[in-house]
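Here is what each chain is made of, one letter per residue.
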Amino acid sequence: MNKIKVSIAFTFLILTFANGHSQSKSENPNFIIILADDLGYGDVGFTGSTQIKTPHIDALASGGVVFSDGYVSAPVCAPSRAGLITGRNQVNFGYDNNLSEPLPQFNKEYSGLPIEEKTIADRLSELGYVNGIIGKWHLGEEEQFHPLERGFDEFWGYLGGGHNYFQTEFKGAKYDRPIISNYKKPQSITYLTDDKGDECVDFIRRHRDEPFFLYASFNAPHAPMQATEADLKLYAHIKDEKRRTYAAMVHRLDVNIGRMIKELKTQDIHDNTVIVFLSDNGGPDTNNGSINAPFNGRKGILLEGGIRVPFVLSYPEKLKSGVYDKAVTSLDLAPTFVALAGGEITKNDNFDGVNLFPYLINQGTENPHETLMWRFTISAGIRKGNWKLVRLPDRLPLLYNLDKDPSEQNNVASENNDLVQSMLKELGNWDVSTPHILFLEGSKWRRNQLDLYDKSYQLEQPKN
Ligand code: CA
């Protein structure tokens, strides 16, 4: 078996209905998305880290379904989140780029998730759910893009892409902005990941008796690299300061995920809650000290290290634990949640994701996706079966066989000319059929991304 080995020693698994009795206080399941930010693929225990200890995330993985081939729809924060929250490939509505100060030729009124697009929260609201977001939004800062305008009932967090982890005096810098909330006067920050954990636990407690959706949008381990002294001590043996800080930040994320799961159990709603854990994109390598081993590449590019992420879905009442090894995407979450909440999915929804539940219950030979496609500024990519092609502006297309070569070390394009042509055609046909983009980042990022394809990345776990 050449598939990437997920380090939990699962046997070959057939996912069937588990026999657990319903603990539900409401009939429909609750949903929690726990989103890590810029987490390296190889930096949690269940994906192979030996250096960073993540017992709570690993417990979630060993009790849930691990997606060995789980992708996000973009290799950077904002477009990945736009796809995740809508179930639509964000390129299909022009959200190709990260949000930044709009260039003069673009209208800032359109710098955000288009108001025509429905979020998971919009859809679950219609089905009687209460929806909360704790943490990072990053889908637009204009009034019309505010989470409370996008189906969420509760918000505690910030609209931008990052935040200082410790309390700072508000001077208007981008990571300094005040925490905003519509249900309380925000407390001053102790350590941001802990404060988010507090809010998530409080949300679970307050809404235990009704169906809820909690979008736990953690910022860890995204920059700025800031950790508590106590957590840094746990990793004092790591010489590189950035890596040490990163490890401490991941540890604190793990602790708070443990607190959330404990609260679900205390409230007796754990088995009837669908918990999804994933990262919004691959680790940015030396920028934050992350490692995407065994995958090549990093945040910002379409090699596996940019888009394949640690990805778990836990639903103890209905799904047995195991590894699901067919390609799935974060775009699948919206339709899966809608279906599990009793909603109907029609063609008009224009989902690019699919309801995964039938695939997880009847683990047959059918794939949820024959083809997955990505486009990100200068790059585009397509996966068909185990073949993966990446198209760049300054070279011939790259082709990898992910079954034999998951680390994308051997470009086999020249030996597979017909395949390259057909994959390029499918990718190109989609590319030219998409609408114009809504906003752009500065042009320096194009150069920056291209250069990232020529670098070497750490493909193995560090020794200690
Ligand atoms: Ca990110």
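Keep in mind the model is a prediction, meaning the values are calculated, not measured.

The next subject is the overall build of the chain. Across its full length, the chain carries 11 helices and 15 strands. Relative to the 2.2 N^0.38 estimate, which gives 23 Å for 464 residues, the radius of gyration of the chain is 21 Å and therefore close to what a compact globule would have. Once the C-alpha set of the chain is aligned to its principal axes, its extents read approximately 60 × 55 × 50 Å. Each of the 464 residues in the chain was classed as buried or not, and the buried ones make up 60%.

What follows is about the nonpolar core. In terms of nonpolar packing, the biggest core is built from 49 residues, with Ile33 and Phe213 touching the most fellow members. With sequence-adjacent residues up to four places away left out, isoleucine 33 is seen in contact with Leu84, Ile120, Phe213, Leu214, Tyr215, Ala216, Val276, Leu278, Leu333 and Phe337. Grouped together as the second largest cluster of nonpolar side chains are 46 residues, Ala36, Tyr165, Tyr191 and Ile261 included.

Look at helix H4 (residues 192–206) against helix H6 (residues 241–266): their axes get within 9 Å of each other, and the N-to-C directions meet at 10°. By the angle between their axes, H4 is roughly parallel relative to H6. Contact with H4, carried on its side by Thr193, Asp194, Gly197, Asp198, Cys200, Val201, Ile204 and Arg205, involves Arg252, Leu253, Asn256, Arg259, Met260, Glu263 and Leu264 of H6 and no other residues of that element. For the contact of H4 with H6, a count of residues per class yields six nonpolar, three polar and six charged.

Turning our eyes to something else, we now look at the coordination of the calcium ion. Coordination sphere of the calcium ion, protein contribution only: Asp37 (OD), Asp38 (OD), Cys77 (SG), Asp280 (OD), Asp280 (OD) and Asn281 (OD1), at 2.2 to 2.5 Å. Considering all six donor atoms around the calcium ion, the spread of angles at the metal, 54 to 159°, places the coordination shape in the irregular class. Ordering the donors of the calcium ion by residue number gives the pattern D-D-x38-C-x202-D-N. An identical accessibility class is assigned to aspartate 37 and aspartate 38; each is buried.

Moving on: the pattern of salt bridges. One pass over the structure, following the stated rule, counts 29 salt bridges. Taking the shortest distance from any N to any O, the salt bridge between arginine 205 and glutamate 263 comes out at 3.1 Å. Of this pair, arginine 205 sits in helix H4 while glutamate 263 sits in helix H6, and the two are 58 residues apart along the sequence. On the basis of relative accessible area, glutamate 263 is assigned to the buried category, the value being 9%. Arginine 447 is paired through a salt bridge with aspartate 451; the nearest N and O atoms lie 2.8 Å apart. One end of the pair, arginine 447, and the other, aspartate 451, are both in helix H11 (residues 444–452), four residues apart, so they sit about a helical turn from each other. Within the structure, one salt-bridge network assembled from shared partners comprises Asp69, Glu304, Arg308, Arg383, Lys388 and Glu408.

Within the secondary structure layout, threonine 329 lies in strand S11 (residues 328–329). When sequence neighbours within four positions are dropped, the list of residues in contact with threonine 329 reads Tyr71, Phe311, His369 and Leu372.

Once that is clear, we can look at the domain arrangement of the chain. As far as domains go, the chain holds domain 1 (2–370) and domain 2 (372–452). For domain 1 versus domain 2, the separation of C-alpha centres amounts to 25 Å. On the side of domain 2, 33 residues touch domain 1, which itself brings 45 residues to the contact. When domain 1 packs against domain 2, close to 3400 Å² is buried across both sides, 59% of that on carbon and sulfur atoms. Looking only at domain 1, the three residues that lose the most surface to domain 2 are Asn97, Phe106 and Leu302, adding up to 19% of its buried area. Summed over the shared surface of domain 1 and domain 2, the number is three salt bridges. Notably, a salt bridge pairs aspartate 96 with arginine 375, separated by 2.8 Å at the nearest N-O pair. Counting across the domain 1 and domain 2 interface gives 13 residue pairs in polar contact (both at pLDDT 80 or more). Of all elements in the fold, only helix H7 (304–307) and S11 reach the threshold of two or more residues within the side of domain 1 that touches domain 2. For the side of domain 1 that touches domain 2, the class distribution of residues is 23 nonpolar, 14 polar and eight charged.

Parameters and conventions
Sequence order sets the numbering: in each chain, residues are counted from 1 along the sequence as written. Only residues with pLDDT of at least 70 get local features here, since the model is predicted, and only at 80 or more are side-chain atom pairs given and counted; chain-wide, interface and lining totals rely on the full set of residues. Side-chain measures here rest on the full set of heavy atoms in the structure, leaving out hydrogens and waters. The helix count covers DSSP runs of H or I at least four residues long, the strand count covers runs of E at least two residues long, and both are numbered beginning at the N terminus. Two things to know: the radius of gyration comes from C-alpha atoms, and the globule rule equals 2.2 Å times the number of residues to the power 0.38. Burial classification: accessible surface area is computed with a 1.4 Å probe over protein chains only, and a residue below 20% of its type maximum counts as buried, one above 50% as exposed, and the rest as partly exposed. In these notes, a set of buried Ala, Val, Leu, Ile, Met, Phe, Trp, Tyr and Cys residues joined through side-chain atoms within 4.5 Å is what counts as a nonpolar core. Contacts are assigned to residue pairs with any non-hydrogen atoms lying within 4.5 Å of each other. Here an axis means a line fitted to C-alpha atoms, over the contact stretch when the element is a helix, while the angle between two N-to-C directions is reported on a 0 to 180 degree scale. We call two directions roughly parallel when the angle between them is under 35 degrees, roughly antiparallel when it is over 145, roughly perpendicular when it lies between 65 and 115, and oblique otherwise. Note that Gly is not counted as nonpolar here; it falls among the polar residues with everything else outside the nonpolar set of Ala, Val, Leu, Ile, Met, Phe, Trp, Tyr, Cys and Pro and the charged set of Asp, Glu, Lys and Arg. Sites may look incomplete, because water is not among the atoms used; the donor set itself consists of N, O and S atoms within 2.8 Å of the metal (3.2 Å for Na, K and Ca). Four donors are marked tetrahedral only if all angles between them lie between 85 and 135 degrees, whereas four are marked square planar and six octahedral if opposite donors are more than 155 degrees apart and the other angles lie between 65 and 115; the remainder are marked irregular. Only one rule defines a salt bridge in this text: a Lys or Arg side-chain nitrogen within 4 Å of an Asp or Glu carboxyl oxygen. Where a domain begins and ends is set by an automatic assignment or by a domain database. The term buried area denotes the loss of accessible surface (1.4 Å probe radius) that occurs when two parts are joined, taken as the sum for both partners. N or O atoms closer than or at 3.5 Å make up a polar contact, with two conditions inside protein: a donor-capable atom paired with an acceptor-capable one, and, for residues adjacent in sequence, both atoms drawn from side chains.

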